[in-house]
2 protein chains.
Amino acid sequence: MKERFSGTILHPPEGSAKRPTMGEIGLNNFAPYLMNRVVARYNANLSEELKAVGMTTVKVRTLAILSITPSATINELSVFAVTEQSTMSRTLDSLEEQGYIRRTPRADDMRIRDVTITEEGRAAFEAFWPAMYDSFLQMFQGIEEEEYKQFISILHRILQNIRKHEF
Amino acid sequence: MKERFSGTILHPPEGSAKRPTMGEIGLNNFAPYLMNRVVARYNANLSEELKAVGMTTVKVRTLAILSITPSATINELSVFAVTEQSTMSRTLDSLEEQGYIRRTPRADDMRIRDVTITEEGRAAFEAFWPAMYDSFLQMFQGIEEEEYKQFISILHRILQNIRKHEF
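In this text, all values refer to a predicted model and were calculated from it rather than measured experimentally.

(A) Highlighting the relation of the copies chain A and chain B. When chain A is fitted onto chain B, the two copies agree to an RMSD of 0.0 Å after a turn of 180 degrees and an axial shift of 0.0 Å. Viewed as a symmetry operation, the transformation between the two copies matches a two-fold axis. Considering only C-alpha atoms, the residue of chain A closest to the rotation axis is Phe151(A), which sits at 3.1 Å. With an isologous cut-off of 70% or more, the 100% of interface residues of chain A that recur at the interface of chain B puts this contact in the isologous class.

Following this line, the structure appears as structure tokens:
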């Protein structure tokens, strides 16, 4: 028989249809709470390091995405960079001014503009990447590769469960 | 010998001191990116449901915390509710107006005010909790208790690695 995780978090106690309370689960066993704390801390740390080089988290996320894809639309970029379209629009204006990206109207539909990274943008991202990768390593210090693999697999399933976009 | 996770994410390839690039890791294997997407989606969904009952995510987090602790300071609440002190201050003003919380100056240090939940606040949180718990269940649909346990354990270790507060 499958081991039950304390019987009260993902499933109500055997034979009960009652939901456990927040107090019964405990904040420290409530994954959305822990993920919010981790993400807020990670973003704050990253943002602090970026400020020193005149960048923002949204800018570096945008460059990260564009560095590994031939081109993307503003709609795709706002989903992948986890930001509002309006913020992404301002971010792209600023990145274009910095010479880090280029926007090209699509030949068959001029309303759509394909965003690509420039060589300068690639260099700017590559210059920041070591700091980003090292803070990622620090985050997962003491965590084995096998555990990391499972962690990623669970995150993929969660995203599948809650996402509203097709990509 | 320990199995290596593809050799390129948490550790450089054997015998190499070079960092893998973002492209080599891939966005879908980069946990900070996946966590940002999950948290943003979760918060947006929650926020939408809360709007209907005149609440915000910060308000409901504050009530959740106060529902399981005898009292907390504004400093503790802003860490646990993952928000700026200034936002927390405004949130407490509004929750007090709604009759959901109470602030009491501490007898031995009048500068510190202990925040406690009222019966009305507890009832408001309990009324929303079923929706919150059910969206939590949906989030972890198809994930086994044993996996959830490991997921929580990894989140605790990450938080330990990156946090700046003592609580």
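(B) Local environment of helix α7 (residues 145-162) of chain B. Taking 1.5 Å of rise per residue, the 18 residues of α7(B) would be expected to cover 26 Å, and the 26 Å separating its terminal C-alpha atoms lies within 8% of that figure. Of all the positions in α7(B), only Phe151(B), Ile154(B), Leu155(B) and Ile158(B) are classed as buried. Viewed along the axis of α7(B), the buried residues span an arc of 105 degrees, placing them on a single side of the element. Looking at α7(B), the residues exposed on the side facing more than 90 degrees away from the buried face are Glu146(B) and Gln160(B). Residues of α7(B) that are buried sit in contact with α2 (31-51), α6 (119-139) and α7 (145-162) of chain A.

(C) Up close: the interface of chain A and chain B. Opposite the 54 residues of chain A that make contact, chain B presents 55 residues. Among the elements that make up the side of chain A that touches chain B, the one with the highest residue count is α7(A) (15 residues). Considered class by class, the residues forming the side of chain A that touches chain B number 33 nonpolar, 10 polar and 11 charged.

(D) Structural context of the pairing of strand β1 (residues 101-106) of chain A. Residue and element names in this part refer to chain A. Here β1 runs beside strand β2 (residues 109-117); their pairing, made up of six bridges, is antiparallel. Bridge assignment links Ile101 to a residue of β2, and that residue is Ile117. Hairpin connection of β1 to β2: two residues between the antiparallel strands.

(E) The arrangement of the packing of α2(A) against helix α2 (residues 31-51) of chain B in detail. In contact at an axis separation of 9 Å, α2(A) and α2(B) are set at 120 degrees when each is read in the N-to-C sense. When the interaxial angle is binned, α2(A) and α2(B) end up oblique. Regarding α2(A) and α2(B), the two cross each other, and that crossing is left-handed. In contact with Pro32(A), Met35(A), Asn36(A), Val38(A), Val39(A) and Tyr42(A) of α2(A), α2(B) contributes Pro32(B), Met35(B), Asn36(B), Val38(B), Val39(B) and Tyr42(B).

The rules behind each value
- Residues numbered from 1 in each chain as written.
- Chains lettered and ligands numbered in written order.
- Predicted model: local features only at pLDDT ≥ 70, side-chain atom pairs only at ≥ 80, totals over all residues.
- Least-squares fit on C-alpha atoms with pLDDT ≥ 70 in both.
- Contact = placed C-beta atoms within 7 Å.
- Helix = DSSP H or I, 4+ residues; strand = E, 2+ residues; numbered from the N terminus.
- Expected span 1.5 Å × (residues − 1).
- Buried ≥ 20, exposed ≤ 12 C-beta atoms within 10 Å, placed from the backbone.
- Arc of directions from axis to C-beta.
- Nonpolar A, V, L, I, M, F, W, Y, C, P; charged D, E, K, R; others polar.
- Pairing = 2+ DSSP bridges.
- Axes fitted to C-alpha atoms, helices over the stretch in contact; angles between N-to-C directions.
- Parallel < 35°, antiparallel > 145°, perpendicular 65-115°, else oblique.
- Left-handed = near helix turned anticlockwise from the far one by under 90°.

On their own, these measurements won't tell you what the molecule is for.
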